[in-house]
4 protein chains.
Amino acid sequence: MRMIKVGVLGAKGKMGAQTCLAVEEAADCELVARLDQGDELDELTKAGAEVVVDFTRPEVVMDNLAWCIEHGINAVVGTTGFDEERLATLRSQLASSPSTGVLIAPNFSIGAVLMMQFAAKAAPYYESVEIVELHHPDKVDAPSGTARRTAELIADARREAGSKPIPDATTTALDGARGADVDGIRVHGVRLRGLIAHQEVLLGDEGETLTIRHDSMARTSFMAGVLLGVRRIGSTPGLTVGLEHFMDLA
Amino acid sequence: MRMIKVGVLGAKGKMGAQTCLAVEEAADCELVARLDQGDELDELTKAGAEVVVDFTRPEVVMDNLAWCIEHGINAVVGTTGFDEERLATLRSQLASSPSTGVLIAPNFSIGAVLMMQFAAKAAPYYESVEIVELHHPDKVDAPSGTARRTAELIADARREAGSKPIPDATTTALDGARGADVDGIRVHGVRLRGLIAHQEVLLGDEGETLTIRHDSMARTSFMAGVLLGVRRIGSTPGLTVGLEHFMDLA
Amino acid sequence: MRMIKVGVLGAKGKMGAQTCLAVEEAADCELVARLDQGDELDELTKAGAEVVVDFTRPEVVMDNLAWCIEHGINAVVGTTGFDEERLATLRSQLASSPSTGVLIAPNFSIGAVLMMQFAAKAAPYYESVEIVELHHPDKVDAPSGTARRTAELIADARREAGSKPIPDATTTALDGARGADVDGIRVHGVRLRGLIAHQEVLLGDEGETLTIRHDSMARTSFMAGVLLGVRRIGSTPGLTVGLEHFMDLA
Amino acid sequence: MRMIKVGVLGAKGKMGAQTCLAVEEAADCELVARLDQGDELDELTKAGAEVVVDFTRPEVVMDNLAWCIEHGINAVVGTTGFDEERLATLRSQLASSPSTGVLIAPNFSIGAVLMMQFAAKAAPYYESVEIVELHHPDKVDAPSGTARRTAELIADARREAGSKPIPDATTTALDGARGADVDGIRVHGVRLRGLIAHQEVLLGDEGETLTIRHDSMARTSFMAGVLLGVRRIGSTPGLTVGLEHFMDLA
């Protein structure tokens with residue numbers, strides 16, 4: 001089996017360390033470099049890295065990627081903080097290195113990506129859609145980022161399909177009883193000791209309902225998504241935003 | 001088998017008609033009178049009714065019950081609108097007819113009663129409790145009456161047990177994201193076409209969660225509770241408020 | 001709005017009658033003929049039917065379709081009993097009428113179709129998959145046809161993706177405890193009073209699970225699928241097997 | 001606050017070590033002795049232990065308990081292997097030490113105990129009951145011990161209430177499709193990567209269902225039950241079998 005030579009940036013962080021473990025355990029990958037703050041990037045070329053996984057920080061990730069693109073090393077990026085400006089910069093850098101690929105993935109959970117994609121595909125077929133996200137009570141924000149993103153994708157899909165507004169006859173309600181409104185979709189955030197990170201998308205029409213639920217119990221669950229990125233980025237030049245583009249959902 | 005002779009008041013209403021059907025189908029009951037607006041109550045005594053089921057209206061139910069108590073006929077009451085004053089009146093009337101029983105039941109759904117009782121018993125053992133109620137989108141109020149009642153019972157149970165406040169680290173939230181606060185318990189109301197009436201009580205502690213869910217799909221589900229009342233009221237003199245007192249939950 | 005002229009065959013049957021209602025209520029459809037046993041098919045041409053919905057019986061459906069294809073009327077078919085031989089006959093008949101379309105749909109439930117499609121797409125990403133189907137206790141077969149079909153689609157998708165066998169360390173089991181084996185997928189059939197027709201596909205991997213659940217509460221839920229067929233068949237000449245081909249899932 | 005002085009036997013085992021941690025963290029408990037193989041039991045008396053928690057092995061637990069009872073030390077026991085003979089022995093030993101208490105608990109999960117108790121209480125009110133247990137795929141037995149125990153408790157409750165047999169019209173079934181039969185109750189065992197230990201009891205009647213679900217994600221969830229035992233055993237002389245007797249469920 002041909003081994004993919006992988007370098008990890010941010011190797012001492014929680015996600016980076018997990019990635020090192022996952023790469024070492026993968027039968028078709030070889031961990032050739034684990035770098036963190038203070039290390040020199042040219043260790044990547046010395047080690048012959050073909051793919052870099054970046055779990056660093058918004059302040060340094062753009063420099064890392066510029067260097068990787070310049071040296072023709074593909075990159076799988078879990079670091080946050082990408083806006084349209086940063087994406088445009090990457091696209092222009094990649095134009096000069098046409099065989100190099102960069103994946104920016106806001107979410108490496110394959111299950112979360114499937115849930116969002118399925119919910120958006122199903123939404124135009126249903127009169128009603130709501131989201132319930134459930135997390136541990138130490139979480140500081142509500143609703144979760146995944147729930148907001150899911151609501152936006154659903155709202156987009158419904159707008160595109162010309163769906164009617166979701167029915168709701170509520171006239172008397174206690175404050176908050178009907179959840180938050182995210183782009184026209186109601187989102188409810190449950191906080192409960194014992195839970196980790198869970199989400200349910202409920203879709204309903206006359207006489208039937210469809211429920212898509214994702215339960216995430218451990219950070220290890222992100223590694224399947226990271227490895228999927230590592231395996232596919234070599235044959236996907238250019239900029240890709242979102243792991244869903246590497247999944248055969250079409 | 002000894003047959004219980006049953007009369008129905010409000011026999012032409014939705015619940016009354018359903019009760020007539022259920023009494024006729026029950027092997028141990030005999031429907032001896034079906035009365036509605038304009039009928040004379042003394043048809044009940046002529047027919048030998050031992051138990052009356054009242055699904056009438058708040059304006060007439062007190063007169064109906066005064067008459068039944070006076071004539072020693074037990075009553076099972078689904079009509080709404082009972083406050084402390086009305087209950088006191090009934091108690092004083094029943095004092096003069098010590099072998100007669102009256103059951104006032106705000107909820108005849110055995111499943112809903114079990115859910116509420118179990119939730120209240122379990123709540124002091126858990127750090128967190130939240131309620132999600134789910135109904136069809138034509139419902140005008142949120143949260144549902146059952147959800148409010150459940151929250152109150154849970155809050156009472158926790159106060160009595162000296163439970164600590166439920167943890168919630170939320171500092172940044174969209175309006176409504178964390179649901180309504182009913183007596184310190186968070187309640188979320190989902191509205192979805194295809195649903196009828198459903199409720200989930202979620203209880204959580206370190207490493208485990210307990211979920212109690214009730215799904216009510218049809219009005220027929222109340223009839224088991226009405227018949228339970230009919231069968232037990234003959235041996236339960238005095239005033240009883242709540243079907244739970246006829247269930248062997250203790 | 002251009003109205004689609006629709007005729008219904010088997011209009012007195014349960015599904016046919018429901019279809020008549022649904023067509024009448026649809027803003028873009030006009031019910032121009034409702035035929036049942038003994039009626040003449042040429043009432044369809046007289047009435048100008050563009051689309052026929054057939055909910056008849058296996059013994060007569062092939063004659064109905066031959067007649068429709070000959071007269072250039074599109075058909076949406078819910079009648080059962082189609083094997084490869086029948087499909088081949090239809091394909092050859094349609095070859096002579098290239099602008100006519102026939103949809104054979106074993107399942108008109110949009111939710112069931114979505115569940116099956118999503119489950120098959122997700123299955124290769126997960127180490128484990130199992131199916132739990134839940135129905136009323138008067139059902140005579142177990143597992144349900146939908147559950148078997150779902151298992152087959154999942155097994156096909158996993159074979160194609162080269163997925164490994166699903167792990168199961170069970171060495172000591174009571175007879176039946178691990179469900180039925182349908183093409184390598186474990187399927188469990190629950191029978192419970194109060195339920196109608198429900199199914200859950202559970203997919204699991206390290207640290208996460210994805211659950212897709214469909215709840216079907218009423219026959220009316222099939223009508224959205226029938227109308228989808230009616231609306232699309234006019235622009236889909238030839239033979240189509242399965243409602244999923246009319247849904248934008250790709 | 002008065003501190004309860006606690007000794008742990010089997011302190012180096014998984015459950016014993018966890019117990020030591022939990023006792024140290026509890027505001028009202030003091031860990032005064034942690035013993036394992038080779039240690040002398042009289043360290044317990046020297047340290048003034050009032051309650052002993054025993055997570056040892058079936059071969060040694062009876063000697064440990066004889067010694068504790070003789071020295072008037074209460075015991076909370078999670079070690080397995082207690083049959084009627086052993087319980088009889090303990091009862092007779094306790095008769096000579098009337099102020100000492102011993103709790104034998106086959107299951108320290110408060111949630112599992114609540115699920116079992118609630119299921120048994122609810123079962124006589126429902127026509128149908130089934131159990132679905134869900135575990136990781138490395139489990140070797142099916143169904144789980146908790147599922148079997150739940151089925152037995154449900155079957156006992158239904159027998160006592162004179163419930164009719166559970167309806168099931170199945171005439172054609174794939175082998176295993178309807179699960180295992182445990183004392184007349186159908187039990188289904190799902191095995192899925194990503195799951196830990198979960199169980200759902202489904203109860204159904206005309207038009208409604210009640211579902212009680214327990215999700216156990218971590219061994220730490222047993223500690224609340226162990227501490228409940230430690231706190232109550234001092235005021236509960238004699239032999240108690242089952243944590244449910246220390247919970248205010250009546």
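Please read all numbers here as calculations on a predicted model, not as lab measurements.

Cut-offs applied
- Think of each chain on its own: its residues are numbered from 1, step by step along the sequence as written.
- Just so you know, chain letters begin at A and ligand numbers begin at 1, following the order they were written in.
- Totals for whole chains, interfaces and linings use every residue, but because this is a predicted model, local features are given only for residues with pLDDT of at least 70 and side-chain atom pairs only at 80 or more, for both listing and counting.
- Side-chain figures throughout are based on the complete set of non-hydrogen atoms in the structure, without hydrogens or water.
- UniProt positions are given in the numbering used here, feature names are shortened, and annotations may be inferred rather than shown by experiment.
- The helix and strand labels rest on DSSP assignments: H or I over at least four residues marks a helix, E over at least two residues marks a strand, and numbering proceeds from the N terminus.
- Contacts: residue pairs with any heavy atoms within 4.5 Å of one another.
- Accessible surface is computed with a 1.4 Å probe, and the buried area is the amount of it that two parts give up when combined, taken over both parts together.
- Only one rule defines a salt bridge in this text: a Lys or Arg side-chain nitrogen within 4 Å of an Asp or Glu carboxyl oxygen.
- Residue exposure (1.4 Å probe, protein chains only): buried if accessible area is under 20% of the type maximum, exposed if over 50%, otherwise partly exposed.
- Note: two strands are recorded as paired if DSSP finds a minimum of 2 bridges between them.
- Seen with the strands pointing away from the viewer, any crossover whose path from the first strand over the helix to the second strand runs clockwise is right-handed.
- Least squares is used to superpose the copies, and the fit set is the C-alpha atoms of residues whose pLDDT is at least 70 in both copies.

Trainee: Sorry if this is basic, but what is going on with the UniProt feature "domain: Dihydrodipicolinate reductase N-terminal" (unreviewed entry) in chain A here?
Mentor: Following the UniProt record, the feature "domain: Dihydrodipicolinate reductase N-terminal" (unreviewed entry) maps to residues 4-108 of chain A here. What you have in residues 4-108 of chain A is 41% helix and 24% strand, and the ends, taken at the C-alpha atoms, are 19 Å apart.

Trainee: Please clarify how the interface of chain B and chain A should be interpreted in this entry.
Mentor: Accessible area lost on assembly of the parts is the figure often given for the size of an interface. On the chain A side, the residues contacting the 46 residues of chain B number 46 residues. At the boundary of chain B with chain A, total buried surface from both sides reaches about 3,300 Å², with 61% on carbon and sulfur atoms. Considering only the side of chain B, the residues that lose the most area to chain A are B:Leu174, B:Leu192 and B:Arg193, jointly responsible for 19% of the buried surface there. Scanning the region where chain B abuts chain A turns up two salt bridges.

Trainee: Explain the pairing of strand β1 (residues 4-9) of chain D here, please?
Mentor: Moving residue by residue along a regular strand, the side chains alternate between the two faces of the sheet. Residues and elements named next belong to chain D. Taking burial as the measure, the six residues of β1 include five buried ones, the bulk of the element. Relative to strand β2 (residues 29-35), β1 is paired through six bridges, and the arrangement is parallel. For Leu9, the partnering residue across the bridge sits in β2 and is Leu35. For the crossover from β1 across helix α1 (residues 14-25) to β2, the handedness is right-handed. Of the strand pairs in this sheet, β1 and strand β3 (residues 51-54) are connected by four bridges, and their pairing is parallel. When the sheet's bridge partners are listed, Leu9 is paired in β3 with Asp54.

Trainee: Honestly, the relation of the copies chain B and chain A in this entry has me stumped. Any pointers?
Mentor: Both copies of the chain are related by a screw-like operation: a rotation about an axis and a shift along it. Superposing chain B onto chain A takes a rotation of 180° plus a shift of 0.0 Å along the axis, which leaves an RMSD of 0.1 Å. Considering both components of the superposition, the chain copies are consistent with a two-fold axis. Scanning chain B for the C-alpha nearest the rotation axis identifies B:Gly176, at a separation of 1.9 Å. A shared binding surface is used by both copies, with 100% of the interface residues of chain B retained as interface residues in chain A.

Trainee: Explain the relation of the copies chain B and chain D here, please?
Mentor: Structural alignment of chain B on chain D gives an RMSD of 0.0 Å, achieved by rotating through 180° and translating 0.0 Å along the axis. Looking at chain B, 100% of its interface residues are interface residues in chain D too, so the copies touch through the same face.

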